[in-house]
Amino acid sequence: MLKERQKLKKWVFVLIAVSTALFLLPLFFTDHAEKKLEKRGLSRESLLTELNPVVAEKKAELVKKTAAIGITILITDDFRSIEAQDELYKKGRSVDGSIVTKAKGGESYHNYGLAVDFALRKKDGKVIWDMNYDGNRDGKKDWMQVVKIAKDLGFEWGGDWENFPDYPHLQMSFGLSIAQLQRGTKTALLDE
Ligand SMILES: [Zn+2]
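For the protein, an unreviewed UniProt entry supplies the name M15 family peptidase and the organism Paenibacillus lutrae.

Student: Could you give me a rundown of the overall build of the protein, with the residues and numbers involved?
Tutor: Regarding its fold elements, the protein presents six helices and five strands. Written out in order from the N terminus, the α and β elements of the protein read α-α-α-β-α-β-β-α-β-β-α. Compactness check: the protein gives a C-alpha radius of gyration of 23 Å against a globular reference of 16 Å for 192 residues, more than 25% above the reference. By its C-alpha atoms, the protein is 95 × 40 × 30 Å across when sized along the principal axes.

Student: For the nonpolar core, give the residues involved together with the corresponding values.
Tutor: With 32 residues, the main nonpolar core has L62, F118, L120, F155, L170 and L181 as its most contacted residues. Of all the elements in the fold, those that place two or more residues in this core are α3 (53-67), β2 (115-121), α5 (142-152) and α6 (178-191). When near neighbours in sequence (up to four residues on either side) are disregarded, L120 contacts I71, T72, I73, K126, V127, I128, D130, Y133, D142, W143 and V146.

Student: Tell me about the environment of E38, and name the residues and values.
Tutor: Relative to the helices and strands, E38 resides in helix α1 (residues 2-39). Accessibility expressed as a relative area gives 57% for E38, which makes it exposed. Once the C-alpha coordinates of E38 and V146 are considered, the two residues, 108 residues apart in sequence, prove to be 31 Å apart.

Student: Go over the UniProt feature "domain: Peptidase M15C" (unreviewed entry) in the protein with me, naming the residues and quoting the values.
Tutor: Here, the residues flagged by UniProt with the feature "domain: Peptidase M15C" (unreviewed entry) are residues 103-172. Summarising residues 103-172: 16% helix, 20% strand, and an end-to-end C-alpha distance of 16 Å.

Student: I'd love a proper account of the coordination of the zinc ion, names of residues and values included.
Tutor: Six octahedral donors around a metal ideally make angles of 90 or 180 degrees; four tetrahedral donors ideally make 109.5 degrees. Protein coordination of the zinc ion is provided by H110 (NE2), D117 (OD) and H169 (ND1), with donor distances spanning 2.0 Å. Along the chain, the residues that donate to the zinc ion are spaced as H-x6-D-x51-H. On the criterion of sequence distance, the pair formed by D117 in strand β2 and H169 in strand β5 (residues 169-171) is long-range, its members being 52 residues apart. For D117, a relative accessible area of 11% gives the class buried. A relative accessible area of 3% means that H169 is categorised as buried.

Student: Let's hear about unusual backbone geometry: which residues, and what values?
Tutor: Backbone geometry at R137 places phi at a positive 50°, although glycine is not the residue there. In this structure R137 comes out as exposed when scored by relative accessible area, which is 75%. In this structure, F174 is a non-glycine residue whose phi angle is positive, near 55°.

About the criteria used
Residues numbered from 1 in each chain as written. Predicted model: local features only at pLDDT ≥ 70, side-chain atom pairs only at ≥ 80, totals over all residues. Heavy atoms only, no water. Helix = DSSP H or I, 4+ residues; strand = E, 2+ residues; numbered from the N terminus. Rg over C-alpha atoms; globule rule 2.2 N^0.38 Å. Core = buried A, V, L, I, M, F, W, Y, C linked by side-chain atoms within 4.5 Å. Buried < 20%, exposed > 50% of the residue type's maximum accessible area, 1.4 Å probe, protein only. Contact = heavy atoms within 4.5 Å. UniProt positions renumbered as here; feature names shortened; annotations may be inferred. Donors = N, O, S within 2.8 Å, 3.2 Å for Na, K, Ca; no water.

Take a look at the structure:
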């Protein structure tokens, strides 16, 4: 009888230990991701509300540097809220049109203020997405000239993605994956 009780005690202890570990594990991961954000000077709140200041600065530089070689670009999108991303995701799925994104709310770098989209503006003011256009007549495609300058500024180009290339898309991930950004911003999301 005494042995039985000891056995039971042991099991209760194991059960408590396991459930404590299961409870603490996500906390550890959240904390870890937050620390990563902090180390890069990214605050959870600002990630969910505005274009990152570094990205904003590089965006301005991109506009200036492309203008210097006779290319006018238009930034068509930068920070995008999670709600706006969800709306965009519906396009070509539950609403008319063609699919423009594979990312649901929270799955795009735009949702953390770390991405911008660009288009070219012709001299007559028309905005185009023609990747073969050579408006500055230097024998090179304007689009790829913009991409080259963007990459030199530290942007990653969506056109390099193999499974769903996104040619107007430029982002700065700061070495953070979407999963890390999601974990790091979870607390801020829950606060809303
Ligand atoms: Zn984009």
